[in-house]
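# Structural characterization, general
Here is what each chain is made of, one letter per residue.
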Amino acid sequence: MKQDSDLRNNLKSIRTRLGMSQQDLANIANVTRQTISGVESGLYAPSVAITLRLAKALGCQVEDLFWLERDLPEIEAVLAKPVPNGQQLRVSMARVGGQWIAYPLIGKDAFRQDMIPADGESTSLTGTNKVRVRLLDDNLDTLHNTVVIAGCAPVISLWARATERWHPQLRVQYNFANSMAALHSLCRGEAHIAGMHLYDPETGEYNTPFVRDVLAGREAVLITLGVWEEGLLFKSGNPMGIRTVSDLVAGGATIVNREIGSGSRMLLEQTLQKEQIPFDAVQGFDNILKSHQDVAQAVVGGIADAGMSTASVATAFGLGFIPLHQSRYDLVILKEYLEVAPVQQLLSTLGHRMVHSQFEILGGYDISKIGEIVATV
C-alpha cells in the first residue's frame, strides 16, 4: 500500500538505536527487508498486522513508531522583546490579559540548567512587535493554563516547581528580570506577576513607591513572598577581611555589580552614598552581571573578590557573606489578574507546607509573612 502523505514514522531511528539492521528487524517481524526499506523511506504504508509486529519486535508502542502529521494551529502573538528581523525563533507562549505573548528563547533565555522546550516557532513578522507562531503541538489547554512571573529571586523557580507538582495541569513560566524590568514587563502586559525587592530610603517603604510610579494609576496588590538578607558575598574564609563596603576600597577589592534597575545595585549605591564613598572608588563598579547566580559564579571563579547578593545564594555556592540589609520581596499582581484561574492556583500554594519547606531549607529567608497582602495601589 502506498504511504499516506500525512503518515510519518520513526522506524529507522528506533531500529538503529537498537543496533539492528533492516534484515535483522525483518527476520524478527517476519516480513521482507524490502518492506522495512519501503516503510522507512515513506513509500509503503504497512497494514495493521505488520504495524503491530514491528512494534512488538522493537519493544515499543505503535504510537512511538507511527503518527499523522497534523495541520498545527498558528496564532498571532505579541513579542515580549525585540528580535533581529527575519530570524526564526523558538518561543514559549502564554495567554496574558486577553492576548497571546511570545517569549523568544534566545541566549540565556533559552536555558535554565538545560535547554527549555519551545511551544512554537515563528513563521513571519506581522508588525513591529507581532509575529505569527506555528505551535509545535495542539495542546492549547497547557498554554491557557500558564501563569507568567517575571522576577530575579531564585526561590521563584522552587515555588513554581512545587506548585506544578501540586497542580499538575498548571504551568509556571518564570522569566528572569531585575525588579524594575519585571515591573515594566507587568505594565506592558507580558506577565501576570512581577517580583521585586526595591527599598525607597526617602519613605522607608519597600516596593510600593516604585509600583505607584510605574503603574501610574492601574490597580494592583503586593503580596509578600518573604524577607531575605542582602549583602556582600566573598570567597570562603574571607581572605581579604571584608566586613563593610569601606573595606572594598581600603583593601583594593574588585567587585562585580548588577545592572541598573536591580535591587542589589540599588542597595550597593545606597550603602556607598551613606558611607560617602564615590562609586568610581570601588574597583569593578562598572563590571555588570545580570543575575545573582552570575555574581556568585564570578566570585567562585576568581573574576571578582566580592559582589552583592543574598545569604541563600552565598550558601548555595559555599561563599562567605556579610548581611547589609533585610529586603522584602513582594509579588506585584494587577487586580484584573487575581481572578485568573492559573494565578489563583499559584497563589493558593503560598500557604502550603511543601512550598515553605523549600524556602526554609535554603536559609536566609524569613517567610513568616508569606502570602500576606502588604499594600494595594
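Quick look at the structure, then.

About the thresholds
- Residues numbered from 1 in each chain as written.
- Predicted model: local features only at pLDDT ≥ 70, side-chain atom pairs only at ≥ 80, totals over all residues.
- Heavy atoms only, no water.
- Helix = DSSP H or I, 4+ residues; strand = E, 2+ residues; numbered from the N terminus.
- Rg over C-alpha atoms; globule rule 2.2 N^0.38 Å.
- Buried < 20%, exposed > 50% of the residue type's maximum accessible area, 1.4 Å probe, protein only.
- Contact = heavy atoms within 4.5 Å.
- Areas by Shrake-Rupley, 256 points an atom, 1.4 Å probe, with all protein chains shown as cover.
- Lys, Arg positive; Asp, Glu negative; His and termini not counted.
- Charge placed at Lys NZ, Arg CZ, Asp CG, Glu CD.
- Pairing = 2+ DSSP bridges.
- Phe/Tyr/Trp six-rings, centres within 6.5 Å; stacked < 30°, edge-to-face > 60°.
- Axes fitted to C-alpha atoms, helices over the stretch in contact; angles between N-to-C directions.
- Salt bridge = Lys/Arg side-chain N within 4 Å of Asp/Glu carboxyl O.
- Core = buried A, V, L, I, M, F, W, Y, C linked by side-chain atoms within 4.5 Å.
- 1 Å grid on protein atoms, 1.4 Å probe; cavity = no way out; pocket = protein on both sides within 12 Å on 5 of 7 lines; lining within 4 Å.
- Points joined across faces, edges and corners; volume = space filled by probe spheres on them.
- Nonpolar A, V, L, I, M, F, W, Y, C, P; charged D, E, K, R; others polar.

Along the protein chain, the regular secondary structure elements total 15 helices and 19 strands. Since a compact globule built from 377 residues should have a radius of gyration of about 21 Å, the 26 Å found for the protein chain marks it as more spread out than a globular shape. Expressed as lengths along the three principal axes of its C-alpha atoms, the size of the protein chain is roughly 85 × 50 × 45 Å. By the burial criterion, 49% of the 377 residues in the protein chain qualify as buried. Taking the intrachain contacts of the protein chain between residues at least 6 apart in sequence as the baseline, contacts between residues at least 24 apart amount to 71%. As displayed, the protein chain offers around 18,200 Å² of accessible surface, 50% of which is attributable to carbon and sulfur atoms. One way to put it: in the protein chain the 33 positive side-chain charges average out to a point 7 Å from where the 40 negative ones average out.

Attention now moves to the environment of L232. Following the sequence through the fold, L232 ends up in strand 13 (residues 220-234). Separated by 137 residues in sequence, L232 and K369 have C-alpha atoms that sit 25 Å apart.

Turning our attention to the pairing of strand 17 (residues 320-334). Summarising burial for strand 17: eleven of the 15 residues are buried, a large majority. Here strand 10 (residues 193-196) pairs with strand 17 via four bridges, running antiparallel. Bridge pairing in strand 17 links M196 to D330. The pairing of strand 13 with strand 17 spans 14 bridges and is antiparallel. The residue bridging E230 from the neighbouring strand is H325, located in strand 17.

Applying the stated rule across the entire model yields five aromatic pairs. Ring centres of F279 and F285 lie 4.9 Å apart, and the angle between their planes is 15°; this geometry places the pair in the stacked category. By relative accessible area, F279 is classed as partly exposed at 26%. Look at F285 and you get buried, because its relative accessible area is 5%. Relative to Y365, the ring of F359 lies with its centre 6.0 Å away and its plane at 45°, an arrangement referred to as tilted. Relative accessible area serves as the criterion here: at 1%, F359 is assigned to the buried category. Taken together, the ring pairs in this structure connect W228, Y329, F359 and Y365 into an aromatic cluster.

What follows is about the sheet that holds strand 7 (residues 130-135). With mixed pairing, the five strands of this closed barrel are ordered in space as 3-5-4-6-7. The average undirected angle you get between the axes of adjacent strands in this sheet is 55°. Inspection of the sheet shows strand 6 (residues 120-125) paired to strand 7 by five bridges, in the antiparallel sense. For S122, the partnering residue across the bridge sits in strand 7 and is V133.

Looking now at the pattern of salt bridges. Two side chains that carry opposite charge are able to pair once their charged atoms sit near each other. Scanning all chains against the criterion turns up eleven salt bridges. Between E40 and R15 there is a salt bridge whose closest N-O contact spans 2.6 Å. Taken together, the residues span a long stretch of sequence, with E40 in helix 3 (residues 33-41) and R15 in helix 1 (residues 11-17) at a distance of 25 residues. Judged by its relative accessible area of 7%, R15 is buried. Across the pair E259 and R258 runs a salt bridge whose closest N-O atoms are separated by 3.1 Å. Take E259 and R258: they sit in the same class, and that class is buried.

We now examine the nonpolar core. Membership of the largest hydrophobic core comes to 57 residues, with the highest contact counts inside it found for W159, L183, I193, L225 and V332. Take this core: its biggest share by element is six residues, from strand 13. Core analysis: the second largest hydrophobic core is formed by 19 residues, L11, V31, I36 and I50 among them.

Although it is not a glycine, N207 sits at a positive phi angle of roughly 65°. The topology assignment puts N207 in the loop between strand 12 (205-206) and helix 9 (208-215).

What follows concerns the layout of surface pockets. When its volume is computed, the second largest pocket comes out at roughly 180 Å³. Listed by contribution, the elements that provide at least two residues to the lining of the second largest pocket are helix 11 (263-274) and strand 17. Counting residues per element, the lining of the second largest pocket draws most heavily on helix 11, which supplies four residues. For the lining of the second largest pocket, the residue count by class is four nonpolar, three polar and one charged.

So, about empty space enclosed by the protein. Counted under the stated rule, the structure contains one cavity of 30 Å³ or more. As for the largest cavity, its lining consists of H197, L198, Y199, E230, G263, M266, L267, Q270, H325 and S327. When residues of the lining of the largest cavity are traced back to their parent elements, those giving at least two are helix 11 and strand 17. The greatest single-element share of the lining of the largest cavity, amounting to four residues, is contributed by helix 11.

The element helix 9 is extensively covered by neighbouring structure, given that six of its eight residues are classed as buried. Turning to helix 9, its buried residues number three or more, namely T208, P209, F210, V211, V214 and L215. Positive backbone phi, at 50°, marks A216, one or two positions downstream of helix 9.

Any functional reading would require information that these geometric values do not contain.
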